[in-house]
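Architecture and fold: a report
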Amino acid sequence: MQAFAFCLQLLVMMGAGVAAGKCGIADEHFTKGFSALLVNFLIPCMAISVMISRYSAQALAPGIAMMGSCLLVLFLGMLTAVTVRLIRRRQDDMAAILIPCIMFMNANFVGFPVIQALYGDEALVYANFFMIPYRLVFYAGMPTLFKGVSGSSPGTLCKSILKAANNPGVYAAVGGLLIATLGIPVPESLLSAVSCLGDSALPLGMMACGMYISRIRIRDAILNQKCILAVLCRNFLIPALTWLVLWLIGCSAMVLRLSVIFAALPIPSMAAPFAREYGRNEKLAASMVFCSTSLCILTLPMWGELLRRFT
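Throughout what follows, the structure given in this document is the object of discussion. (Residues numbered from 1 in each chain as written. Predicted model: local features only at pLDDT ≥ 70, side-chain atom pairs only at ≥ 80, totals over all residues. Heavy atoms only, no water.)

It is worth spelling out the overall build of the protein chain at this point. Tallying secondary structure elements over the protein chain gives 15 helices and zero strands in all. For the protein chain, with 311 residues in total, the buried portion stands at 52%. In the protein chain, the share of contacts with a sequence separation of at least 24, taken over all contacts with a separation of at least 6, comes to 86%. A total of about 13,900 Å² of accessible surface is found on the protein chain, and carbon and sulfur atoms cover 67% of it. (Helix = DSSP H or I, 4+ residues; strand = E, 2+ residues; numbered from the N terminus. Buried < 20%, exposed > 50% of the residue type's maximum accessible area, 1.4 Å probe, protein only. Contact = heavy atoms within 4.5 Å. Areas by Shrake-Rupley, 256 points an atom, 1.4 Å probe, with all protein chains shown as cover.)

In this section: the packing of aromatic side chains. Summed over the entire model, instances satisfying the criterion amount to six aromatic pairs. Aromatic side chains F104 and F138 sit 5.4 Å apart centroid to centroid with 85° between the ring planes, which places their arrangement in the edge-to-face category. Of this pair, F104 sits in the loop between helix 4 (93–103) and helix 5 (107–119) while F138 sits in helix 6 (residues 123–147), placing them 34 residues apart in sequence. Of the two residues, F104 and F138, neither departs from the other in class, the shared state being buried. Taken together, the aromatic side chains of F104, Y134 and F138 make up a single cluster linked through ring pairs. (Phe/Tyr/Trp six-rings, centres within 6.5 Å; stacked < 30°, edge-to-face > 60°.)

Moving on to the pattern of salt bridges. One pass over the structure, following the stated rule, counts two salt bridges. Salt-bridge contacts for E305 lead to R308; the nearest nitrogen and oxygen are separated by 2.5 Å. Residue E305 and its partner R308 are both found in helix 15 (residues 282–310); the two are separated by three residues, about one turn of the helix. Owing to a relative accessible area of 53%, R308 belongs among the exposed residues under this scheme. (Salt bridge = Lys/Arg side-chain N within 4 Å of Asp/Glu carboxyl O.)

The next point concerns the packing of helix 4 against helix 12 (residues 225–249). At a closest axis distance of 11 Å, the pairing of helix 4 and helix 12 adopts a crossing angle of 20°. Judged by the angle between their axes, helix 4 and helix 12 are roughly parallel. Between helix 4 and helix 12 the crossing geometry is right-handed. Contacts between helix 4 and helix 12 involve D93, M94, C101, I102 and M103 on the former and, on the latter, K226, L229, A230, C233, R234 and I238. For the contact of helix 4 with helix 12, the residue count by class is eight nonpolar, no polar and three charged. (Axes fitted to C-alpha atoms, helices over the stretch in contact; angles between N-to-C directions. Parallel < 35°, antiparallel > 145°, perpendicular 65-115°, else oblique. Left-handed = near helix turned anticlockwise from the far one by under 90°. Nonpolar A, V, L, I, M, F, W, Y, C, P; charged D, E, K, R; others polar.)

Phi at R89 is positive, roughly 55°, even though this residue is not glycine. Within the fold, R89 resides in the loop between helix 3 (60–88) and helix 4.

With respect to the helices, strands and loops of the structure, A107 is situated in helix 5. Among the residues examined, A107 registers a relative accessible area of 0% and is labelled buried. Along the backbone, A107 and A263 are 156 residues apart, and their C-alpha atoms lie at a distance of 9.1 Å.

We now examine the nonpolar core. In terms of nonpolar packing, the biggest core is built from 97 residues, with Y134 and M288 touching the most fellow members. Among the elements that make up this core, the one with the highest residue count is helix 6 (13 residues). Ignoring any residue separated from it by four or fewer positions in sequence, one finds M288 in contact with M94, I97, C101, K226, C227, A230, V231 and I267. (Core = buried A, V, L, I, M, F, W, Y, C linked by side-chain atoms within 4.5 Å.)

Spelled out as structure tokens, the structure:
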């Protein structure tokens, strides 16, 4: 019930962003700058404060396992998307955005608060380990996949990977880990200020989601069969596959739980601006984001309860 109540709060926050967009407060220029502030400053503040205040030596081994599980989740997402494309056999607007929309999840804006609500503050350390490879693959993979892999040379792909490593989110997680493991003292007042900034990432992140989806017609999104197919994969199939594979491997219950929750997160809100930038169907991407995020109000508590009972 706690997770369900929290997901309702997320819906209200997202609704505030939708209202801001519909009222003209958050136009396209404002939303772009708002998202840049979140991704490049507030979310890194959350990452570095969590690593410094919560890290312990005992977290290293399961943390490495979380990094491996992240790569597994991304691989299963890509495999699912490629399989759906092969079954559909259509080279349409959905085929052009299907892989990045299903492969990635809204880990930046939604992942940390949901993990915290379900498993407490201590779990955020392991979530940070999960996010280190995720951010690398996300920032390199999203633009490459939306642009089209066939149009990218090996040199271009290498530059994308190097550019992905050069972002504040990766610096924050790795820097926080080094500060914690080396025992470098950090003034309490500074840590408290950074933590407060990081705490603001949750409501502002959900508002950013709402701003992006405010530009679509909700009725069209709900009745769109392409959206329904993507949501079924993102919200149900990929977390189920993740659970099955990690159970077969025999990983710890904690790693399994956190990985399945990450796998059950909605389609990333950044899918819409990436689609617009590379000439793909922006409205379809935004519709997928809306449907997937709205349904998570029910599916995330469902996965949390199933994991509690059976792991």
